[in-house]
Amino acid sequence: MSSACRQEEIINQHVVPEERPGAVILEIQGLFSKLVPLECILCYLLDANCSLFLAVVVGQSRLLISYQSADIHCGNCLLEAWYFLWLTDLLRFRWRQHRVAETRTSLLWNGDQAAGMARLVTASQLHWPMLHPVRMGFRSQGKSKEAEIKRINKELANIRSKFKGDKALDGYSKKKYVCKLLFIFLLGHDIDFGHMEAVNLLSSNRYTEKQIGYLFISVLVNSNSELIRLVNNAVKNDLGSRNPTFTGLALHCIANVGSREMAEAFAGEIPKILVAGDTMDSVKQSAALCLLRLYRTSPDLVPMGDWTSRVVHLLNDQHLGVVTAAASLITTLAQKNPEEFKTSVSLAVSRLSRIVTSASTDLQDYTYYFVPAPWLSVKLLRLLQCYPPPDPAVRGRLTECLETILNKAQEPPKSKKVQHSNAKNAVLFEAISLITHHDSEPNLLVRACNQLGQFLQHRETNLRYLALESMCTLASSEFSHEAVKTHIETVINALKTERDVSVRQRAVDLLYAMCDRSNAQQIVAEMLSYLETADYSIREEIVLKVAILAEKYAVDYTWYVDTILNLIRIAGDYVSEEVWYRVIQIVVNRDDVQGYAAKTVFEALQAPACHENLVKVGGYILGEFGNLIAGDPRSSPLTQFHLLHSKFHLCSVPSRALLLSTYIKFVNLFPEVKGTIQDVLRSDSQLKNADVELQQRAVEYLRLSTVASTDILATVLEEMPPFPERESSILAKLKKKKGPSTVTDLEEAKRERSADVNGGPEPAPASASTASTPSPSADLLGLGAAPPVPTGPPPSSGGLLVDVFSDLPSAVAPLAPGSEDNFARFVCKNNGVLFENQLLQIGLKSEFRQNLGRMFIFYGNKTSTQFLSFTPTLICSDDLQANLSLQTKPVDPTVDGGAQVQQAVNIECVSDFTEAPVLNIQFRYGGTFQNVSVKLPITLNKFFQPTEMASQDFFQRWKQLSNPQQEVQNIFKAKHPMDTEITKAKIIGFGSALLEEVDPNPANFVGAGIIHTKTTQIGCLLRLEPNLQAQMYRLTLRTSRETVSQRLCELLSEQF
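Sequence order sets the numbering: in each chain, residues are counted from 1 along the sequence as written. At least 70 in pLDDT is required for a residue's local features to be given in this predicted model, at least 80 for side-chain atom pairs to be given and counted, and no such filter applies to totals for whole chains, interfaces and linings, which use all residues. To get the side-chain values, take all heavy atoms of the structure and skip hydrogens and water.

By the naming in an unreviewed UniProt entry, the protein goes by AP-2 complex subunit alpha and is assigned to Monodon monoceros. The Sequence similarities (unreviewed entry) comment attached to the protein in UniProt states, word for word, "Belongs to the adaptor complexes large subunit family." UniProt positions are given in the numbering used here, feature names are shortened, and annotations may be inferred rather than shown by experiment. The Subunit (unreviewed entry) comment attached to the protein in UniProt states, word for word, "Adaptor protein complex 2 (AP-2) is a heterotetramer composed of two large adaptins (alpha-type subunit AP2A1 or AP2A2 and beta-type subunit AP2B1), a medium adaptin (mu-type subunit AP2M1) and a small adaptin (sigma-type subunit AP2S1)."

Asks: Is there a simple way to explain the pairing of strand β22 (residues 1017-1027) in this structure?
Replies: Looking along a regular strand, one sees the side chains alternate between the two faces of the sheet. Two strands are said to pair when DSSP picks up at least two bridges between them. The secondary structure listing takes helices from DSSP runs of H or I that are at least 4 residues long and strands from runs of E that are at least 2 residues long, numbered from the N terminus. As judged from the eight bridges shared by strand β21 (residues 1005-1012) and β22, these two strands associate in the antiparallel manner. What sits directly across from G1009, in β22, is C1020. Connecting the antiparallel pair β21 and β22 is a turn made up of four residues. The sheet contact formed by β22 and strand β23 (residues 1032-1039) spans eight bridges and is antiparallel. Considered in β23, the bridge of N1027 is made with M1032. Between the end of β22 and the start of β23, which pair antiparallel, lie four residues, with Q1031 showing a positive phi angle near 55°.

Asks: How should I be thinking about the sheet that holds strand β16 (residues 918-925) in this particular structure?
Replies: Backbone-to-backbone hydrogen bonds pair the strands of a sheet. The strands run either parallel or antiparallel. A sheet is described by the order of its strands in space; here three strands give the open sequence β13-β16-β17, paired in antiparallel fashion. Of all the strands in the sheet, just β13 (867-875) and β17 (928-935) have a single pairing partner and so form its edges. Adjacent strand axes in the sheet meet at a mean angle of 15° when their direction is disregarded. Bridge count for β16 against β17 is eight bridges, and the pairing is antiparallel. The axes used here are C-alpha line fits, helices contributing only the stretch in contact, and every angle between their N-to-C directions lies in the interval 0 to 180 degrees.

Asks: Mind showing me how you'd approach helix α30 (residues 612-625) here?
Replies: Because an α-helix completes one turn every 3.6 residues, residues spaced three or four positions apart along the sequence face the same direction. Between its first and last C-alpha atoms α30 spans 20 Å; for 14 residues at 1.5 Å apiece the expected length is 20 Å, and the two agree. Buried means the residue's accessible area, taken with a 1.4 Å probe over protein chains only, is under 20% of the maximum for its type, while exposed means over 50%, and partly exposed covers the values in between. Counting buried residues in α30 gives 13 out of 14 residues, a clear majority hidden from the surface. Helices are assigned an expected span. That span is 1.5 Å times one less than the residue count.

Asks: Is there a simple way to explain the pattern of salt bridges in this structure?
Replies: Close approach of charged atoms allows side chains with opposite charge to pair. The term salt bridge refers to a side-chain nitrogen of Lys or Arg lying within 4 Å of a carboxyl oxygen of Asp or Glu. Applying the stated rule across the entire model yields 32 salt bridges. Of the charged contacts, one joins K342 and E339 as a salt bridge, the two residues approaching to 3.2 Å between their closest N and O atoms. The network of salt bridges with shared partners includes R506, D509, E541 and K545.

Asks: Just checking my understanding: could you explain the environment of I1018 for this structure?
Replies: Mapping I1018 onto the fold places it in strand β22. When checking whether two residues touch, look at their non-hydrogen atoms; a contact exists if any pair is within 4.5 Å. I1018 has contacts with G1009, I1010, I1011, T1039, S1040, R1041 and V1044, leaving out every residue within four places of it along the chain.

In structure tokens:
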């Protein structure tokens, strides 16, 4: 096996429970005993954080070493192995038997940590004996720290005298003394001389002298040193050398130092070496990884030029080591410059196809435990995640590759060793990441979900963790969400039985992701049950998630009140202010739940020990709505007061201040307790309280209750008005808790994740830049709270007078090109990008419940210049205004460059309708007036509620709707591939329930649902009959209203 091929050998990295953080064992596997005559094999691995991990295998024992260097700048390139062998002797180490702890890093390898980073060199090649006398001298005389320092100082004085002597040193002597200085430095002692001698070694024509010089420079020369210029001259000469070994040494030095000066000097030269036709494969590998290091440290200094198109073709190189190094480079470059490297997609798919379909014997040098080239496969799959789904021709081949990977995962293992399963699973999980990223193949998404479901009960903890983590992302896809929900019982069981807290946390995340209206109560109940025994580190996060789910999917708000109060009881210390603020806002805004909330908190406060947050909620709600339960003798006004006041002395100052406000509210609500409350306010503990806030409240409230008349008191202390609709701060807090998001709302919308409230995941939270505007987290609460705004164009100021100073013309632009196509795409989904040009991007997130809906429109400024006088307007015809009620929130007239704003639209379907409103946006950009109009995808099917029916009930109802005016039928040619899974997804997305095993012909699709309007409910049955041979469909709809049948048939026909 060649040395280049050896670089592909797998090193399984396992974290060891060690008193020193970062201790690592690198276990070398393979047939090394057949490859090298010596037992001692050196191997190294560099990670992306410039930490260095070493291990030496001698016989059956493992030498454990952990070294994280702050002085050595390790780049993602192949460094010389002798360098690391020295470190093995210089660092403190101890022997350890081969007992490797399991960690999840053994399953998924970082692309930059794995492929192309291993180098195997026998001890005889490393010039080790040269340091042997020094090593033995230090060890024999260094019986104590003082003795060692004395011995080192003596050696330093000797070396200094040799360098300053009159007699010129030969190359060997200079190399020997430089080695000693390096050894002393690595023992932890400062070295302040010898740098110039090391630089002089770079000009030697002897390999051993040159490599010692480069080693010293890489370790001891700072990137800001004045010697860098001299080093650059030597590096430049070696880069132009015809000796590939010298070129490799120079590339390694550049990557190790990685200074900005080196990037300026060589960033233009290295790409030429990389793409030159006569460059050796080993040099190409080093050049690719060296360029990667420079790009990461100084991306602005790496020029994009003609070499970019040529480096892409390295993915077709015959040497897989070159392909592996090039894949790392191209992936990083493509993340910043996707257009420059988009041709890499087809080449990556082609190379991946050859690897995946090859037998384990085809790539013998790169096959690891019967898995062909796992590192390269992972890198190629990661590269493909930088781009959207490719064109149909390439997509078909990629789909075959992914199906093959999923099929191989189902095959019996070819080896019982853990290395085989690790390699196979690494490729599998990366393939699932790609499937999730594309989110365009329902069949693959469902298969990936089923495969992960098998891992949920695997005996390997790491597999269970990774399966839960991957299923969280699958749950956000409209195609695989239902498949993820089928594993709810397994996930709940993991929440109860897993020993590893990190696995339990992933189970909580998955339950949160798979939650929808059909399983919300079950999931919330399980989370509350787990919360009682949950680890303290994740309790606050669980509390936030329970609060969000309870609000978002609350059909009955009495359940919501019960859930939040139970949440406070179980984990009151972790219930933030945002949570109890929110429950008060909801109770105040909903008349139907106020009495129940007052009764419930009154009963909860009777417990001997109540959390302070419960006292706050109870004080506020009883102060506002205590009169609703005052008729019951068990909750009389005096009883309410005594109950609250019994908690007063146990509360903090802010809570006491709130209770004092509740008491003055009671004075207005219940005149019979006025005297009792005044006595409390008049007491010394209040009027002479050490806290100024409490004292001031007591004085003012006492005076108000004494002086003010009943009418004035009623006016001042009247019931709080409904809160204005605003963003729920709970989601913002959860987002902050989980860390900053890497994408904006508009980019999330662009991924076209479904947010169907009938079974889809929760919409993503708004970004911090839009905190002042509503977000989808507000759900459908308080739809009537917003004042209506005109839905047509602004009215004229009247008569013949023309407002010549008007900032914007009143004319409405025609529909933008492609508006109709985009409109049709939104018939079966609720989220995505509605319109985009070079200036503006418009994204949508919406949800509907019965005859009500809410839509959030995101306006993104793609330029660096402000949009001024930004005015979006909804335009409806007279007929549409009569049948569809729209209420909008105002938008800031200024949109900064690169920013986005969002606008909430509350929707109510009064009666069935056929038209759609038009969204007109007018603004000024750089002094130029812009006018854009698009159709807003509010269609009749959005108010569909699915209805499950048995076969007998369906056909009985089908016969009842047999009048000619109730049925509409359309026979049409298929516009898209006739895929069964996609058809099912579209019917479900359309809003109706997909009824299985109802139609006698299993190839047909049958659905049922009810259209909800304010005035009536309209039942709807549909039947879709595909003809694969003729590539045609017959769609039949029957409803109780002809206009509804006609409109639904038109909308659904356009989807196939």
